[in-house]
Amino acid sequence: MPDQIEIYVRSSPLGSVGIHWRNVSKPEQLKEDPEILMEQVVPDGDSKISVNSAISDKNPCLILAKYNGKVFLEVTGIDATPDRSEKLGRRISEVVLWVGDDNKETEERLRKLAYCALLGLWDLESKFRTTISSSIEFDGLNDYKVKADDLNKIYEDPENHTENLELEDSSHPNQNYLECNKFKTDKEVVQIATQLRKGSFDGMETAVVISEIKQTESERWLNHRGNVASLTAKPEVIEQKVKEDSFSEAIDGSAGRSEPKKKTSSHPPKRGVVALLLIISLIILLMILWAARTQVFNILQSQSDSQSVPTMMQNE
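The numbers attached to residues start from 1 for each chain and follow its sequence in the written order. Side-chain atom pairs in this predicted model are given and counted only at pLDDT of 80 or more, local residue features only at pLDDT of at least 70, and totals for whole chains, interfaces and linings cover all residues. Calculated side-chain values reflect all of the structure's heavy atoms, with hydrogen atoms and water omitted.

1. Overview of empty space enclosed by the protein
The gaps left among the atoms become clear once a water-sized probe is rolled over them.
Alright, step 1. Here the term cavity refers to a set of points on a 1 Å grid, laid over the protein atoms alone, in which a 1.4 Å probe fits but cannot get out; the term pocket refers to an open set having protein on both sides within 12 Å along at least five of seven lines, with lining residues being those that place an atom within 4 Å of a point. Grid points are joined across faces, edges and corners, and a volume is the space filled by probe spheres set on the points. Per the counting criterion, the structure on display carries one cavity of 30 Å³ or more.
Alright, step 2. As a volume, the largest cavity reaches approximately 50 Å³.
Alright, step 3. Around the largest cavity sit Arg10, Ser11, Ser12, Ile19, Asp57, Lys58, Arg90, Arg91, Ile92, Ser93 and Val95, which together line it.
Alright, step 4. Taken together, the elements giving at least two residues each to the lining of the largest cavity come down to β1 (5-11) and β7 (93-101).
Alright, step 5. Gly is put with the polar residues, along with every residue not named as nonpolar or charged; the nonpolar set is Ala, Val, Leu, Ile, Met, Phe, Trp, Tyr, Cys and Pro, and the charged set is Asp, Glu, Lys and Arg. Class assignment for the residues of the lining of the largest cavity results in three nonpolar, three polar and five charged. Secondary structure counts use DSSP, requiring at least four H or I residues in a row for a helix and at least two E residues in a row for a strand, with both numbered from the N terminus.

See below:
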């Protein structure tokens, strides 16, 4: 197994211990939470949350991310083998994480894996899915064990696990395709996967791309969200990437346009604030008019009183 990559699995044993992570890169496969997933990097209102808090890990989902000197690919929502779920009495959802040090070679390999993983998640009968589910087995009541070599083979040769979908669609999408993030056809999913493979985090310190498969009784679609975390690349780097890969930016959300949205001072006032200012201005104007009217009335009254005094003296 390559030194630069570690593989973690999150699954459920048969007993009462419950769902937990294991580092299957180590021979002992001991319980170990991946620290990289504990980091809070995804904006959520005024705070930030972890990448897994931004998804439902019960859904088939792919997260490709880079931060804190690591680059990783996580896939979630893969059904366990039917016999394991039947023994436990409920659905078991498998999660696999490949994580390595941030360097060009590791990112390129994980992008290639992300390309094949997305096609594998979309295809319900893919070799990608079955290889992962069959690699995890119960080990007594409170443990499970993983055939780590099988997961490493996916990392080393991912294209061997996506035989059912056409690979790499090079056709240029139309404008309507660029403006949506809800993809329903095989061709659209292949195009998204191709962009994952051809993209780059070069110049970015923090970036998170999420592709999540959702479904209802009537439809199934891929919800693709790119650059959901803050990007800290230098402006000139972002501008250059926009020029080089306009399709990727159109899908993932332009990095060059994401930063200004955080500067709330440049936003126009909200309608409620504008309305309140107008009401206050109107009240002040009415008060000024009332004061002026009262002053005029008092002046006229004074003049009337001064004219009535001589008339009374003449009458006497």
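Anyway, onward from the coordinates.
2. Focus on a nonpolar patch on the surface
Alright, step 1. Together, Leu276, Ile280, Ile284 and Ile288 give the surface a local cluster of nonpolar side chains, amounting to about 380 Å² of exposed area.
Alright, step 2. Position of Ile280 among the secondary structure elements: in helix α10 (residues 271-315).
Alright, step 3. For Ile280, a relative accessible area of 41% corresponds to the partly exposed category. Only residues whose relative accessible area exceeds 30% and that form no salt bridge enter a patch; like-charged residues are grouped when within 9 Å of one another, and nonpolar side chains (Val, Leu, Ile, Met, Phe, Trp, Tyr) when within 5 Å. Note on areas: these come from Shrake-Rupley sampling with a 1.4 Å probe, and a residue is covered only by the protein chains present in the view. For this analysis, a salt bridge means a side-chain nitrogen from Lys or Arg found within 4 Å of a carboxyl oxygen belonging to Asp or Glu. Between buried and exposed lies partly exposed: a residue is buried under 20% and exposed over 50% of the maximum accessible area for its type, with that area taken using a 1.4 Å probe on protein chains only.

3. Quick look at helix α2 (residues 104-122)
Alright, step 1. For α2, which comprises 19 residues, the first-to-last C-alpha distance of 27 Å matches the rise-based estimate of 27 Å (1.5 Å per residue) to within 8%.
Alright, step 2. Counting buried residues along α2, 14 of its 19 residues qualify, which places the element largely inside the surrounding structure.
Alright, step 3. For the purposes of these results, a polar contact is taken to be a pair of N or O atoms within 3.5 Å, where, inside protein, one atom must be able to donate a hydrogen and its partner to accept one; residues adjacent in sequence count only when each atom of the pair is a side-chain atom. By the N-cap criterion, in which a side-chain oxygen at the helix start approaches the backbone nitrogen of a residue two or three places on, α2 is capped by Asn103, the distance to Glu105 being 3.2 Å. For a helix, the expected span equals 1.5 Å multiplied by the number of residues minus one.

4. So, the sheet that holds strand β5 (residues 61-67)
The strands that make up a sheet are held in pairs by hydrogen bonds between backbone atoms, and each pair lies either parallel or antiparallel.
Alright, step 1. Any two strands between which DSSP finds at least two bridges are classified as paired. Read from one edge of the open sheet, eight strands run β2-β1-β7-β6-β5-β11-β12-β10, paired in antiparallel fashion. Either end of the sheet is taken by a strand with one partner, and the two such strands are β2 (20-23) and β10 (182-183).
Alright, step 2. In the sheet, β10 pairs with strand β12 (residues 220-225) via two bridges, with the strands oriented antiparallel. Residue pairing for β12: Lys182 is matched across the bridge by Asn223.

5. Details of the packing of aromatic side chains
Alright, step 1. The rule is short: rings of Phe, Tyr and Trp, with Trp giving its six-membered ring, pair when the centres are within 6.5 Å, and they are stacked under 30 degrees, edge-to-face over 60, tilted in between. Counted by the stated rule, this structure contains one aromatic pair.
Alright, step 2. Note on Tyr67 and Phe72: the rings are 5.6 Å apart at their centroids and 90° apart in plane angle, and the pair reads as edge-to-face. Comparing Tyr67 with Phe72 shows no difference in burial state: the two are buried.
Alright, step 3. By definition here, charges over rings are those cases where NZ of Lys or CZ of Arg is within 6 Å of the ring centre and within 35 degrees of the ring normal. Above the face of the Tyr144 ring, Arg22 is positioned so that its terminal group lies 5.2 Å from the ring centre.
Alright, step 4. Lying across the ring of Trp122, Arg220 places its NZ or CZ 4.2 Å from the centre.

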